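Structural description and commentary
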Amino acid sequence: MTYAISQNCCKDATCVSVCPVNCIHPAPGERDFGSTEMLYIDPETCIDCGACADACPVDAVFPVDSLTGPQRIYAEINAAYYADSPRPRPDTGSPVFHAWSAPAFTRTLPADFTAPRVAVVGTGPAGMYAAEDLLLHTAAEVTLLDRLPVAGGLIRYGVAPDHPATKKIGDAFARFHDHPRVRMLLGVHVGEDITAEELAAHHDAVIYAVGAPGDRRLDVPGEESAGAIAATTFVAWYNAHPDVPADAVDLSASRVVVVGTGNVALDVARILLTDPEELAGTDIADHALAALRTSAVREVVLLGRRGPQDAACTRPELLALTQLPGVEQVIDDHDPRTGAAIDAAGPQDKAALLRDLPRAQVDYSRPPTAAARRLVFRFHSAPVRMRGGTGGTAARLETVRVTGSAGELDIRAGLLLRAVGYRGAPVPGLPFDEESGTVPNLGGRVTGRPGTYVVGWIKRGPSGGIGANRACAAETVATLLSDAAEGSLPEPAHSGKAFRRLARRRSRHLVDARGMAAIDRAERSRGSRTGRPRAKLATVPELVAASKSRPLLPR
């Protein structure tokens, strides 16, 4: 029996480091590492030790014999990777059974190295990978900051609730919240409560891991109509983000158009069409679950500007969507290029996953039938105009005019979600590249700002999943430590204790590590009453109040 990696793979390569026989690829340092959709276990080399399953932070590794139903295909997907890629082989005469790359020591620090005091702004995966690297490999002191009074970032507010295994990586990060060399200051907004200059004056170095909170626009007439919103807003809404109120999303329309074919587009389509009772056992926001239970949505149209062969989603996510129970699925056959691309797709191509779906000319002029929920894939199509009932920019969305092989077509829909990409936002006090939506940097070092660094999407743009941040953080931390070893970090004018006093004066709702633990206990307790892993608190006042409900410590 061998093991296989499944859909939830985060690609941070934790499994690679513990494998005793080098059977998981692509590994760090190999050409394809970071470019494949997931990592793969070689069934011919795996010795069934289970070390990778024990180490996996997102529970994505399973014995092949235990895979059932839709999960069985991952045994084939793992094996197929090696059918197209040569297996690493030992050199002739090698005394070991498996090929290993030469050891590399990319960091060297002097014996008298003084560990820096580092502030990390952002507690999502990018920031926490950077903090983890510093804490495990140096004696650095780390201050963790977040503008929200709760930690987690993209893990808490970006991962879909029906992907609980992916969220488990948050538990790996949480072990650093009360680390003896960590000070956690949540609810502190750098750029408002504290300036970048003040932050730098109290630390040897500052790492910004603030992500890409904005979204890209379609730039078509009517985009400001009520009912045309960003998919990022919808994701934040169903994940109980405090910035998005409970009534931000109206599900009274029977048809929804989702623009985009990336993983976020698939996430929102899947949540809209999933039986709400299937979501009732997740950590979905209470208000979102209530809205989905009374939702009028019967049809979701997934709109792709290019063909199925160019869909931006990963193969595992598309596979999961096509296997959604209780949902009729159809390919809009308006353009002959769509069917031709699906028919020509090879076994490992994403488009091949659509081959068994029926194809039809879809009538969008009438409301969808109430008999069944339906997902429509419409490729080679893009919105060109949105129209509301009264013609104003605040009018209720009624139709979406889209391109097609026979000209333009109106889709009758009351809600449009644009899922065409995230975008970074300027950080007060730092340079910003408007074109790329990133902070200009070299290896993570911010241009023209000694002692200031970036990691994650604000560094490289909104690309790569959770695991990609591990390598990104390693590069940034290596740059920071090199600067520290060379003595090029600015000397802080004030102490860490002085900064904590300043933060407490400036923030109206500061939460420390004990407060974060209290929030976690409160949410888990609320969830346990209804059989859920947690019931999220959805507003800042609720989170702050929970942070203060701490059990008495023994004397």
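Turning next to the sheet that holds strand β16 (residues 383–388). Strand order in the open sheet made by the 3 strands is β16-β17-β18, with antiparallel pairing throughout. Each of the sheet's edge strands pairs with one partner strand only, and the pair in question is β16 and β18 (407–412). Going across the sheet, the axis of each strand differs from the next one's by a mean of 25°, ignoring polarity. Pairing of strand β17 (residues 397–404) with β18, which is carried by 6 bridges, proceeds in the antiparallel orientation. Bridge assignment links Arg401 to a residue of β18, and that residue is Asp410.

So, on to the environment of Phe377. Examined against the element boundaries, Phe377 turns out to sit in strand β15 (residues 373–378). Judged by relative accessible area, Phe377 falls into the buried class, the value being 1%. As a C-alpha pair, Phe377 and Thr232 span 145 residues in sequence and 21 Å in three-dimensional space. Non-local contacts of Phe377, meaning those with residues more than four positions away in its chain, are made with Leu302, Leu318, Leu321, Gln329, Val330, Ile331, Asp332, Leu354 and Leu357.

Counting residues in each nonpolar core, the largest one holds 121 residues, and the members touching the most others are Ile24, Phe234, Tyr238, Leu251 and Phe377. Excluding residues within four positions of it along the chain, Leu251 makes contact with Phe234, Trp237, Leu272, Ala291, Leu292, Ser295, Ala296, Val297 and Leu415. Membership of the second largest hydrophobic core comes to 22 residues, among which are Ala119, Val121, Leu199 and Leu510.

Before going further, it helps to spend a moment on helix α13 (residues 315–322). For α13, the tally of buried residues reaches 8 of 8 residues, placing the bulk of the element in the interior. Of all the residues in α13, the buried ones are Arg315, Pro316, Glu317, Leu318, Leu319, Ala320, Leu321 and Thr322. Residues of α13 that are buried make contact with α3 (73–84), α10 (263–273), β12 (299–303), β13 (327–332) and β15.

Right, let's get into the packing of α10 against α13. The geometry of α10 relative to α13 is characterised by a closest axis approach of 10 Å and an angle of 20° between their N-to-C directions. By the criterion of interaxial angle, the relationship of α10 to α13 is roughly parallel. In the crossing of α10 with α13, the sense of the turn from one axis to the other is left-handed. From α10, Asn263, Leu266, Asp267 and Arg270 reach across to α13, where they touch Glu317, Leu318 and Leu321.

Right, let's talk about the pairing of strand β6 (residues 141–146) for a bit. In terms of residue burial, β6 counts as a mostly covered element, since 5 of its 6 residues are buried. Where strand β5 (residues 117–121) meets β6, 5 bridges bridge the pair, whose relative direction is parallel. Bridging from a neighbouring strand, Ala119 pairs with Thr143 of β6. Regarding the hand of the β-α-β motif, the stretch spanning β5, helix α4 (residues 125–137) and β6 is right-handed. Inspection of the sheet shows β6 paired to strand β7 (residues 182–186) by 5 bridges, in the parallel sense. Looking at β7, one finds that Thr143 is bridged to Arg183.

Taken as a whole and judged by the stated rule, the model has 7 aromatic pairs. Seen from their ring centres, Phe234 and Tyr238 are 5.4 Å apart, and the 90° between their planes marks the pair as edge-to-face. Remark: Tyr238 and Phe234 occur in helix α9 (residues 231–238); sequence separation between them is 4 residues, near one turn of the helix. Side by side, Phe234 and Tyr238 carry an identical accessibility label, which is buried.

So, how was this worked out
Residues numbered from 1 in each chain as written. Predicted model: local features only at pLDDT ≥ 70, side-chain atom pairs only at ≥ 80, totals over all residues. Heavy atoms only, no water. Pairing = 2+ DSSP bridges. Helix = DSSP H or I, 4+ residues; strand = E, 2+ residues; numbered from the N terminus. Axes fitted to C-alpha atoms, helices over the stretch in contact; angles between N-to-C directions. Buried < 20%, exposed > 50% of the residue type's maximum accessible area, 1.4 Å probe, protein only. Contact = heavy atoms within 4.5 Å. Core = buried A, V, L, I, M, F, W, Y, C linked by side-chain atoms within 4.5 Å. Parallel < 35°, antiparallel > 145°, perpendicular 65-115°, else oblique. Left-handed = near helix turned anticlockwise from the far one by under 90°. Right-handed = clockwise from strand over helix to strand, strands pointing away. Phe/Tyr/Trp six-rings, centres within 6.5 Å; stacked < 30°, edge-to-face > 60°.

Take it as geometry only, folks, not as evidence of what the structure does.
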